[in-house]
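Spelled out, the chains give:
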Amino acid sequence: MTGGAPAPEPLGIGLVGCGGFAEFVLDAAAGLPGLRLAAVADPSRERAERLGGSHGVPALGSLDELLGREDVAAVLIATPPATHAAMAVAALRAGRHVFCEKPLATTTADAAAVAEEARRAGRALVVDHVLRYNPLLRAVARLTEEGLLAPPRRFLFENDAADQDLGPDHWFWDRAHSGGIFVEHGVHFFDAARALIGSDPLSVRATAASRPGGGPVDMVSADVLHPGGVLASHLHSFTHAHRAERQLMRLDHGFAETRITGWIPVHGEISAWVDDSGAELWERLPARATELLAVDGFTPHGGERIAVRVERNAGSAAPARGRGEERTVPHQVRAVLDLGGEPRKPYVYAQSVRAALADLVRSAREGTRPVAAAAAGLSAVAVAEAATIAADTGTEQAVPRGRTGA
Ligand SMILES: NC(=O)c1ccc[n+]([C@@H]2O[C@H](COP(=O)([O-])OP(=O)(O)OC[C@H]3O[C@@H](n4cnc5c(N)ncnc54)[C@H](O)[C@@H]3O)[C@@H](O)[C@H]2O)c1
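So, how was this worked out
- Residues numbered from 1 in each chain as written.
- Predicted model: local features only at pLDDT ≥ 70, side-chain atom pairs only at ≥ 80, totals over all residues.
- Pairing = 2+ DSSP bridges.
- Helix = DSSP H or I, 4+ residues; strand = E, 2+ residues; numbered from the N terminus.
- Domains from an automatic or database assignment.
- Contact = placed C-beta atoms within 7 Å.
- Nonpolar A, V, L, I, M, F, W, Y, C, P; charged D, E, K, R; others polar.
- Axes fitted to C-alpha atoms, helices over the stretch in contact; angles between N-to-C directions.

What to know about the sheet that holds strand E14 (residues 305-311)
Adjacent strands of a sheet pair through backbone hydrogen bonds, lying either parallel or antiparallel.
Move 1: Judged by pairing direction, the sheet is mixed, and its 10 strands sit side by side in the order E14-E17-E13-E12-E11-E7-E10-E9-E8-E18 without closing on themselves. Where the open sheet ends on each side, the last strands, each with one partner, are E14 and strand E18 (397-398).
Move 2: In terms of strand pairing, strand E11 (residues 246-252) meets strand E12 (residues 256-261) through 5 bridges, oriented antiparallel. From the neighbouring strand, Arg250 faces E12, where its bridge partner is Arg259.

Okay, structure coming up:
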């Protein structure tokens with residue numbers, strides 16, 4: 001007897017959809033404890049064989065073939081969005097756990113059907129909402145939980161994204177395949193806003209603009225109202241060269257502001273007005289950087305840092321008031337949360353995907369609830385679909401309540 005329980009069998013995962021992102025996900029997953037790639041599948045034989053060959057696993061032609069294998073206990077869905085819901089339901093009905101690329105579905109009804117099937121089947125389902133596994137956003141959420149930051153009363157995301165690799169025939173532009181920009185891409189940020197604000201949205205107004213000369217809709221904006229007078233604005237503009245891509249997430253916490261850059265957040269700056277005890281709490285943050293930036297399954301590169309500077313008595317000691325709230329906050333905090341900036345984006349992106357996969361392994365093995373569970377996928381699709389209809393019709397849309405899995 002050597003003592004100790006034997007390590008559990010790794011979770012065998014079969015990947016369907018051997019396109020560009022599948023390659024990235026499999027590279028990110030390499031060597032992840034508890035997970036083993038069993039097979040890949042794609043109707044394009046050439047793509048399946050290329051990806052299967054580079055990972056040393058069988059190349060199959062379809063999801064059905066994956067589900068026919070006993071060594072496939074979980075399915076990783078990396079096909080275009082309109083196929084996700086039916087594939088997720090089929091995999092769950094076949095008793096498999098599911099890691100689904102975003103969006104969970106292209107309609108709220110389909111997303112609700114997947115969430116219901118996951119519940120019924122009692123299988124783990126993780127949606128690859130990578131922002132949920134980002135250390136910087138996790139730190140902001142922790143600072144909010146601890147009360148150093150008030151919950152945001154305003155969320156803004158400005159996304160000057162690249163269309164450089166999105167040729168006119170790409171499925172991204174075809175709503176029948178992608179669900180449109182709010183659904184295909186916006187879900188990341190509807191979900192992030194829900195997590196940071198801490199509530200499900202009530203209603204949405206939205207606008208869409210098309211490329212000049214009769215091109216596709218390439219710019220969309222939505223104003224989403226959350227309970228308690230909290231307003232979130234989301235703008236996505238797929239109109240840039242890669243080198244001109246830029247993003248800003250801004251959170252207004254009243255007496256504090258957070259600014260985060262990178263669509264994969266890599267650098268954040270917080271400014272806050274605080275009292276004496278607040279100043280002391282903020283000054284302790286650099287020593288707590290590891291704990292504040294920790295995400296299960298995400299291996300830090302070692303260069304992450306939190307720096308804090310407090311200017312005492314930068315403002316007067318007289319009470320200050322905003323939105324009816326009065327505070328005596330004479331000191332000004334400037335904090336930097338840095339994951340290495342733009343050069344570290346690929347690393348942070350890959351580690352976030354890895355952490356999401358680690359969440360699937362943990363949930364499948366221990367029955368824990370994943371961070372980006374079906375409810376998160378459903379809620380994000382519900383806002384995205386409401387925003388799409390709002391832009392189409394020029395009307396305010398209620399976000400379906402009771403269907404957002406809150
Ligand atoms: N989480 C993220 O940050 C992130 C980033 C990029 C893409 N994505 C998502 O990943 C998914 C794939 O995107 P991509 O850029 O790799 O697309 P892609 O077009 O490069 O690849 C899609 C692959 O799916 C295959 N496919 C299509 N229908 C299929 C079917 N019925 N059965 C099996 N295979 C099928 C295609 O042959 C193709 O190989 C999309 O849902 C996209 O939104 C997520």
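Read on, since the account is not over.
What about the domain arrangement of the protein chain?
When the parts come together, some accessible area is lost, and that loss is often what is quoted as the size of the interface.
Move 1: When its domains are assigned, the protein chain resolves into domain 1 (11-130 + 356-374) and domain 2 (132-343).
Move 2: Each side of the interface is counted separately: domain 1 has 13 residues, and domain 2 has 16 residues.
Move 3: Its residues placed into classes, the side of domain 1 that touches domain 2 shows 9 nonpolar, 2 polar and 2 charged.

Looking at the sheet that holds strand E1 (residues 11-16)
Move 1: What the 6 strands build is an open sheet, ordered E3-E2-E1-E4-E5-E6; its pairing is parallel. Two strands close off the open sheet at either side, each with one partner strand: strand E3 (59-60) and strand E6 (125-127).
Move 2: In terms of strand pairing, E1 meets strand E2 (residues 35-41) through 6 bridges, oriented parallel. Of the residues in E2, the one forming a bridge with Val16 is Ala41.
Move 3: In the packing of helix H2 (residues 45-55) onto the sheet, the strands contacted are E2 and E3, and the crossing angle to E2 comes to about 155 degrees.
Move 4: Those strands touched by helix H4 (residues 84-93) are E1, strand E4 (74-77), strand E5 (97-100) and E6, and its axis lies near 160 degrees from that of E5.

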